[in-house]
Every structure is written in structure tokens, then in C-alpha cells.
Amino acid sequence: MTTTAPVPTDPARTIRPTGTGQHAEPDGTRVDVPALTGVLLGRYGDLRRDARELLTQERFWRIEGQPVADHRARVLDQLRTLAAEGNVHRAFPVRFGGADDHGGSLARFEELVTADPSLQIKAGVQWGLYASAILHLGTTAHHDRLLPDALSVDVPGAFAMTETGHGSDVASVATTATYDPATEHFVLHTPFRAAWKDYLGNAGQHGTAAVVFAQLITQGPGDPAPVNHGVHAFHVPIRDAATGEFLPGVGGEDDGLKGGLNGIDNGRLWFDHVRVPRADLLNRYGDVAADGSYTSPIASPGRRFFTMLGTLVQGRVSLDGAAVNAARIGLQIAVTYANQRRQFPGADPTDEVVLLDYGQHRRRLLPLLAETYASGFAHEHLLAAFDDVFSGRADTEEGREELETLAAALKPTSTWHALDTLQTCREACGGAGFLTQNRLTSLRADLDVYVTFEGDNTVLYQLVAKRLLTNYAHTVGGDPAVMARLMAEKVTDAALHRMPLARAVQTLVDAGDARRSAGQLREADTQRALLADRAHTMVAELAQALRPARRAAPEVAAALFDAHQHEMIEAARAHAELLQWEAFTRGLDQVADSGTRQVLTWLRDLFGLTVIERHLAWYLLNGRLSAGRARTVTSYIERLLLRLRPHAQDLVDAFGYRDEHVRAEIASGAEARRQGEAREWQRAQRASGQAPVPEPKPRR
């Protein structure tokens, strides 16, 4: 028997050691929880609140343990309910019931993860990929003909880009669409098994149409031979809506049971010389005339390809936001439980210790909480950049490239962080965390694939590194004199930092006083300088290492890039961490209450110093920190953990989730009631004078 997780009848969760902003330091420092919630909800706070209110309804919740077929049917029904009631078309034109509000649309959409990640991703497939491809890659005729049914889910659609043999390498997909001028059709064909479209949401069962990406091949009147114009998108019916059977020439299969997200019918598609009318080429960026002549407003095939894919960047933006929300839910569960669960006697032999009062437990959870705050502020920055580009306010080549780089940096960082957070939260809750009713295992399973779809995280970091290298090259400008000066400066800089003298100077500045060293480290300028120095130095050193590739033979250049691929990934990660720290620091300016700002400053410092501690080997090897100051990093982190411990509950409560969103029994106040009952029983036993006495220890 499967049921929804019980929703506790104590929505205020009043049994808390420190919650709801009531804890104050001796100097009056406290967290204004409602005001902080407003800051975290960001510029789209009203839309997020509205979405969360809708998602308090049980009809949208995941039923844990539900059979796959039932789960799929439930999610499809929920999707159609959202289409009718959920205000999910905000990104689309007003004439289709939307609001041309791209940022607000994603802000609402990201909240669906609280109900069921399968629902969030199914919605993303339908409206964020399938319908958005029609909107952004098609023209007015396509919009009028195809969008109404896509938006209403009368036509469930798949987004057929990825192939079994080509995942993140979209430019190399093998499916072809060869134009036949005699019939004015494209012949869509899958030439071999590895070219099957794979892992596609809605393809396994529900989809009746798909946007299919294929190599566009034409032979116009002036072409001496067929020409491949690169990857283009086509709208293709795939199933009979009445029978659910594949249409002639179309085949496929269900991907079957997955490690998570089993409310989505992922599947595979193949095409055997399927004829697609010329009008079904989504031709905003490339068109084919009746005679086979090809035209495009973008002359460069490479730029055309990246422009087409860039219109679909919203998938990465939304995954970044959903990952942040999943990490928040996990931390709300784990911190609430850790504030109520007691284990082992402490200084008081008659009373057990709350888990969050143990140093290692704080070490497990609070740095993750700090990084989640940093990720949230960084996501708000990404969402603003996305809206600026897609609203047209900053829709330039430079603006789109900056958005793509930002999304490629933050999506890997937040999705990997969400997995680490959910796993740590599960372990921090012991056996209770392993129970499905407390959601942590299910959330982690569902979030697992976030790290490899909409771009494999490692590939995205590599894209970021290449953009950083390009920007570095533009800054240098290729002037030999500038290059020589920079090389000399780098040699001098490396020599200075790596000499014992430089480290001795830093030690002398600290004068053996840990407080002076800690004072330096808690300054925002110091933290930023350390984070930025590492990010910028790694890019500069990488650029110098790869410089010979510019004039080398292709195989030599490829080998050189391969030899430095790890450094590229680490440079991108350093860049992303700097972006998060800067976003967190800007977020502090939005906090009016002085006590809340002080607590958030401690949390920002915890994030910055945890990142520095994570890379202490680099700072030591490159002479940026002396051994003494490196030790101070760790000792100051421990001080911050103690300062933040009393505010931990307020910081997770500020996420603004209600019990209907969290739906975990151990975060409902039930554990506090159990612990209260146990302590009361023990007190009564001691007061009665009849409690058994411990067995005496043997004398030696």
C-alpha cells in the first residue's frame, strides 16, 4: 500500500530550541526570519509565494513508493492541471495566455521540485524544451499552428536532441534531414543504432510529437554536391494521439526503470526515412526554399549553431534554481532534526546532548548551509541575467555569451552541491534519514541525473574554461610586448610568493597573534583577494601552458588540451566559487536588519573560508598563505561554527517552506515531542527514588 507522506498537524512547528528568530546574542544580535525570507525569495518573491501556495495542495505531491505506471499517469495529470490552473505559461507571448515574463516563469517553475522533482522535469520538458523550442526556433506561423496545443498539453511533446552515441556533443549528432525538392519534404533518417535519440522525456509513452534535431542536408540549384548546414530543428509527429501507436517510419522504446525521476516516461526514438514537410523546419535561424536553396541570417555555421542552442539555456538556469531548492529542503530537514534529536550524555549525566551541539555535526551541516545561501544568491544573479537577455533588454551577442557562461558555471556547481548536501543530510539523520517517508533518499535519487542533463557538468566546466581563456586572450590582445611583460610579471610573482621570505613577511605581520591573522581573514577584501587570485592565476597559467596549441598541428593541440583538461575544470570551478562569494556579498546589501546582516556576514565568511580551506594545498604551494595563517583558516572556521550554531534553525526557517512543502516527519516537531516524553519519563523516574541504580564498576 502506498500513501502520501503524512503532513503533521503542527504547521508552526513550535517545539524548537532556537527557532523563529527568537534566539538573540548577548548584544541583541538575532535573525529577523520573515524579513530574511523576503530577501531569499528575491525579485520574484510574490510569484514564488503564489507557486508555493498552490503546491501545498496534496494533489500535486509525490506518492512515495508508487508503481512507475501510476507515477507516470499521476504526473501527466498534474501537468495538465498546471496548464489549466498553474500560471505556467508566463514566459510565452501574451496572445497565447502568457506574460512575456521569462525570469518570473522560471522562478515559479523551480518551486515545483518541492512537490515532486518528476513534475518539475516533466514540466520542463513540455514547456521549457518542447514548447520553448517552437517559440524560440520557429517563426510566427509555427507559433500560431503549434504553440496552443503544446501549452495546453493536448500535444505532449519530446525534445529529441541527445543521441545514444552523442550526448553533450550536439554538433556531431548523426540523424539526418535531407531535403527532397521534388516533394518539398525533408527525409528524416536514423542511419545506425547509436544515432537513436535517447533519454527523452515524453518519448517513452506520452509524447505525440517531438522537436527533432538533425543534420540539415540540401543541394540547391547552385550546389555541385549536397551541403551539410549543421544541426537544425524540425517539428515531427511521432504517435497517433488516439491509439498511442508510433506513426509509420517512427519507432522507439521505453528507457524503463531509472535511478530516479520515474514519474517521467523517458524513451528512445528512431526514424526510417520519415517525410517531414518543408513548413515543419523551425526556420528562425536557417531556411530552405522550395528549390533547396539555403539561407540564414547568421553567416557563420558555428555561430548559428551556438545561437540556436543558446535560446535553450533556460534549462540550465532552471536546474540551477531547482538544485538550490532541493538543498534547502534537505537542510531544513537535517538541521531541524539535529536541533531536536538527542544522543549520548554530555556534561550533565542525566541529560543527552542535542546533535547540533556536537562539533562534527556542525562541521557537517553548517558549511553546506553557507554554500546553499551562496548558491541561492548566485542563482538570483543568474535569473536576472537570463531575464535581461530574453526580455530583449540585453539581447546582444555579448549578453548571450555572458549568460551562457554564467549558466555553465553555476549549474554544475549547484547540482553537485545538492547531491553532496542531500547525502550528508541523509547520513546526519541516521536511520531516520534512510526512511522514504523523510524524503532525503528520494530527493537525492531524483537529483542525481541533474548533474548530467542539460549538459554534463564536466563538459560545462570545460566550456567555462574555454570562455575564460578566450576572455584572457582578448585582454592580452596578442601583443608580443604585452605578452612578454605579463610573462615577466608572472615569473616575478611566482618567485615572490614561493620564496620563504614572502611567507616570513606574512608570519611577521601576524606576529604570532592568531587573532590578528583571523582579523585579516574575516575581512571581505582579504577573502575576495584570495578567491580571485586563485581563479585568475589558474586561468593565466593555463593560457600560458596552452599557448603553443595555437600554432601546433591538430593532433598536437588536442594532446596539449587533453594534458591540461583537469586544470581547465579546476579553473572553471574556482571561477564559479568566486561568482558565488561575490553574489553572497552583494546579497548582504539587501538586508536592512543589522542583526540579520551580522549573522549572514558570519555565514558568508564561513562559505569563503571553507572554500579557501578546501584549496589550502594550492595556497600553500603557491605561497599565498603561510603555514601559520593556513592553520588560522581552520581555527576561525571553528569559531564561526560556534557563532552560527544558535542561529541555524532561523537560517533554515528563512527558506520559507511550510510543512506541506517539506513533508518529512522528522522535521515536523515529532522528534522534539518524542525527546520531551523521554526526558519527562526519566525525570519522573529520578524523582520517584525508585529508579534502578547503575551496576557498580568493579574495583581494581
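Bear in mind the structure is a predicted one, so any value in this text is a computation, not a measurement. (Residues numbered from 1 in each chain as written. Predicted model: local features only at pLDDT ≥ 70, side-chain atom pairs only at ≥ 80, totals over all residues. Heavy atoms only, no water.)

**Some details on the overall build of the protein chain**
When helices and strands are counted, the protein chain shows 25 helices and 13 strands. In terms of overall dimensions, the protein chain is globule-like: its C-alpha atoms have a radius of gyration of 28 Å, near the 27 Å expected for 700 residues. By its C-alpha atoms, the protein chain is 100 × 70 × 50 Å across when sized along the principal axes. Taking all 700 residues of the protein chain together, 56% fall into the buried category. Across the protein chain, contacts joining residues at least 24 apart in sequence account for 75% of those joining residues at least 6 apart. Total accessible area on the protein chain stands at roughly 29300 Å², and carbon and sulfur atoms take up 55% of it. (Helix = DSSP H or I, 4+ residues; strand = E, 2+ residues; numbered from the N terminus. Rg over C-alpha atoms; globule rule 2.2 N^0.38 Å. Buried < 20%, exposed > 50% of the residue type's maximum accessible area, 1.4 Å probe, protein only. Contact = heavy atoms within 4.5 Å. Areas by Shrake-Rupley, 256 points an atom, 1.4 Å probe, with all protein chains shown as cover.)

**A look at helix H13 (residues 457-476)**
If you check H13, its first and last C-alpha atoms are 29 Å apart, about what 20 residues at 1.5 Å a residue would give, namely 28 Å. Within the sequence span of H13, burial applies to Asn 457, Leu 460, Tyr 461, Gln 462, Val 464, Ala 465, Arg 467, Leu 468, Leu 469, Tyr 472 and Val 476. Sitting at the amino-terminal end of H13 is Asp 456, which places a side-chain oxygen 2.9 Å from the backbone nitrogen of Thr 458. (Expected span 1.5 Å × (residues − 1). Polar contact = N/O pair within 3.5 Å; in protein donor to acceptor, adjacent residues only side chain to side chain.)

**What to know about the UniProt feature "domain: Acyl-CoA oxidase C-terminal" (unreviewed entry) in the protein chain**
Taking the numbering used here, the UniProt-annotated feature "domain: Acyl-CoA oxidase C-terminal" (unreviewed entry) corresponds to residues 529-667. Measuring from the first to the last C-alpha atom of residues 529-667 gives 39 Å, for a span that is 77% helix and 0% strand. (UniProt positions renumbered as here; feature names shortened; annotations may be inferred.)

**Quick word on the packing of H13 against helix H19 (residues 565-588)**
At their nearest, the axes of H13 and H19 sit 8 Å apart, and the two run at 85° to each other. By the angle class used here, H13 and H19 are roughly perpendicular. When H13 is examined against H19, the residues Thr 458, Tyr 461, Gln 462, Val 464, Ala 465, Lys 466, Leu 468 and Leu 469 are found in contact with a partner set consisting of Gln 565, Met 568, Ile 569, Ala 571, Ala 572, Arg 573, His 575 and Ala 576. The residue inventory of the contact of H13 with H19, partitioned by class, reads ten nonpolar, four polar and two charged. (Axes fitted to C-alpha atoms, helices over the stretch in contact; angles between N-to-C directions. Parallel < 35°, antiparallel > 145°, perpendicular 65-115°, else oblique. Nonpolar A, V, L, I, M, F, W, Y, C, P; charged D, E, K, R; others polar.)

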